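Results of the structural survey
Spelled out from the first residue to the last, the chains are:
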Amino acid sequence: MLALFVQLVTRMVHTFRGPHWCEHCASFMWGLMAQGVKCADCGVNVHKQCSSLVPNDCRPNLRHIRKVYSCDLTTLVNAYNTARPMVVDMCIREIESRGLKSEGLYRVSGFSDSVEEVKMAFDKDGENTDISGKVYEDINIITSALKLYLRDLPVPVISYEAYPRLIEAAKITDPEKKLEAVREALALLPPSHKETLSYLMAHLKRVTQNEKFNLMNAENLAIVFGPTLMHAPNMDAITALNDIRYQRQVVEVLIKNEDVLFRTPN
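Residues numbered from 1 in each chain as written. Predicted model: local features only at pLDDT ≥ 70, side-chain atom pairs only at ≥ 80, totals over all residues. Heavy atoms only, no water.

Description of the overall build of the protein chain
Our working definition: A run of H or I in DSSP counts as a helix once it spans at least four residues, and a run of E counts as a strand once it spans at least two, with each numbered from the N terminus. Note on classification: 1.4 Å probe, protein chains only; a residue is buried when its accessible area is under 20% of the maximum for its type, exposed when over 50%, partly exposed between these limits. Residue contacts are defined here by distance: any two heavy atoms, one from each residue, within 4.5 Å place the two residues in contact. Using the Shrake-Rupley algorithm and a 1.4 Å probe, accessible areas are obtained, with residue cover drawn only from the displayed protein chains.
Summing up its helical and strand segments, the protein chain has 13 helices and three strands in all. Counting the 266 residues in the protein chain, one finds 48% classified as buried. Looking at the protein chain alone, contacts between residues at least 24 apart form 66% of all its contacts between residues at least 6 apart. Split by element, the accessible area of the protein chain, about 14,000 Å² in all, is 53% carbon and sulfur.

Quick notes on the pattern of salt bridges
Stated precisely, the cut-off is as follows: By definition here, a salt bridge exists when the distance from a side-chain nitrogen of Lys or Arg to a carboxyl oxygen of Asp or Glu is within 4 Å.
For the structure shown, the criterion picks out eleven salt bridges. Salt-bridge contacts for Arg183 lead to Glu180; the nearest nitrogen and oxygen are separated by 2.9 Å. In this pair, Arg183 and Glu180 are both assigned in helix 8 (residues 175–186), three residues apart and thus about one turn of the helix distant. Exposure remark for Arg183: the relative accessible area of 30% places this residue in the partly exposed category. Overall, Glu180 belongs to the partly exposed group, its relative accessible area being 37%. Residues joined in a network through salt bridges with shared partners are Arg84, Asp89 and Glu195.

What to know about helix 4 (residues 86–98)
Our working rule: Every helix has an expected span of 1.5 Å times one less than the residues it contains.
Between its first and last C-alpha atoms helix 4 spans 19 Å; for 13 residues at 1.5 Å apiece the expected length is 18 Å, and the two agree. By the burial criterion, the buried members of helix 4 are Met86, Val87, Val88, Asp89, Met90, Cys91, Ile92, Glu94 and Ile95. Each element contacted by the buried residues of helix 4 is listed here: helix 3 (73–80), helix 5 (112–125), helix 6 (139–152) and helix 9 (191–208).

Structural notes on the packing of aromatic side chains
Under the convention used in this document: Ring pairs shown here join Phe, Tyr and Trp side chains whose ring centres sit within 6.5 Å, with only the six-membered ring taken for Trp; geometry is labelled stacked below 30 degrees between planes, edge-to-face above 60, and tilted in between.
Counted under the stated rule, the structure contains three aromatic pairs. Aromatic side chains Tyr69 and Phe122 sit 6.4 Å apart centroid to centroid with 45° between the ring planes, which places their arrangement in the tilted category. With a gap of 53 residues between them, Tyr69 in the loop between helix 2 (48–51) and helix 3 and Phe122 in helix 5 connect regions that are remote in the sequence. On the basis of relative accessibility, which here comes to 1%, the residue Tyr69 falls in the buried class. The exposure class assigned to Phe122 is buried, which follows from its relative accessible area of 0%. Measuring from centroid to centroid gives 5.4 Å for Tyr69 and Tyr149, while their planes differ by 85°, and the two rings are edge-to-face. Highlighted residues: Tyr69 in the loop between helix 2 and helix 3 and Tyr149 in helix 6, separated in sequence by 80 residues. With relative accessibility at 0%, the residue Tyr149 sits in the buried group.

Brief notes about the packing of helix 7 (residues 163–170) against helix 8
We count it as follows: Angles shown run from 0 to 180 degrees and are taken between the N-to-C directions of axes, each axis being a line fitted to C-alpha atoms and, for helices, limited to the stretch in contact. Just so you know how the angles are binned, under 35 degrees is roughly parallel, over 145 roughly antiparallel, 65 to 115 roughly perpendicular, and the rest oblique.
Where helix 7 meets helix 8, the axes come as close as 9 Å, and the angle between the chain directions of the two elements is 175°. Considered as vectors, helix 7 and helix 8 are oriented roughly antiparallel to each other. On helix 8, the residues that touch Arg165, Leu166, Ala169 and Ala170 of helix 7 are Lys178, Ala181, Val182, Glu184 and Ala185.

Section: unusual backbone geometry
Residues other than glycine seldom take positive phi values, yet Ser70 does so here, at roughly 70°. On the accessibility criterion, Ser70 (30% relative accessible area) is partly exposed.

Brief notes about the environment of Ala222
By secondary structure assignment, the location of Ala222 is in helix 11 (residues 218–229). Here Ala222 falls in the buried class, since its relative accessible area comes to 1%. Along the backbone, Ala222 and Gln247 are 25 residues apart, and their C-alpha atoms lie at a distance of 7.9 Å. Excluding residues within four positions of it along the chain, Ala222 makes contact with Arg248, Val251, Glu252 and Ile255.

Observations concerning helix 8
Where we set the bar: Summarising the geometry, the arc corresponds to the directions from the helix axis toward the C-beta atoms.
With twelve residues, helix 8 extends 17 Å from end C-alpha to end C-alpha; this agrees with the ideal 16 Å at 1.5 Å per step. Listing the buried residues of helix 8 in full gives Lys178, Ala181, Val182, Ala185 and Leu186. Seen end-on, helix 8 carries its buried residues on one side only, within an arc spanning 140°. Among the exposed residues of helix 8, those oriented more than 90 degrees off its buried face are Glu176 and Lys177. Against the buried residues of helix 8 lie helix 7, helix 9, helix 12 (237–256) and helix 13 (258–261).

Some thoughts on the packing of helix 6 against helix 11
The condition is simple: Only Asp, Glu, Lys and Arg are considered charged in this grouping, and only Ala, Val, Leu, Ile, Met, Phe, Trp, Tyr, Cys and Pro are considered nonpolar; every other residue, Gly among them, is considered polar.
Where helix 6 contacts helix 11, the axes come no closer than 8 Å and their chain directions differ by 35°. For the pair helix 6 and helix 11, contact is made by Lys147, Leu150 and Arg151 and by Val224, Phe225, Thr228 and Leu229, respectively. When grouped by side-chain class, the residues that make up the contact of helix 6 with helix 11 number four nonpolar, one polar and two charged.

Quick look at the structure:
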């Protein structure tokens, strides 16, 4: 299902100027308009009828990645050949190096203009972006930039396939059965999404271990990250409002049990 979604999003009917040949069957693309399909990730050009025959595991070409924010998570990590998005890795490293004891970490927002500046820097310079204390002394700017990145993802870290299963898991009262249901739902996540979520939850667990200083426990962080990490598409306002408490419960369970839920079974 996910592979189909990615294909529909990244391969679009395209009108080519000048003669073009299909990169799958090597035949000429006839016509004046909409002669074929072009992949927005890797740039491959193929006939419409050949599109379904081309594997969905293309390696995106960095020339076709116009920005970091709002770029599909899997596309970004494939393009840069990383386990997780650079924004997640770099921001978390910076936060853990100098911000774990900052009061209200993740609850307090950074200056919006500076947050936008960080976003534009990542879009322009990628992994060469400087987010050190010399440039951004206020750690809340970095936490806000990370939250913005997660909110801007076209497909949330907790993907649409896993969302309803996790909401239902949150409603289970038996702790062991709830954990098992959450674990089964996490198995539906694309690999890059699960790796990113695992890394983020381990980080948030370390934030809670500094609660004495930052005043942020798992429940407080879950309130912040619930709607940031998970939301369902095309949901009516009433259902979305009712789901907020379950989103919080899901993220709280993930933080408190990250070592169990993301541990690779022997």
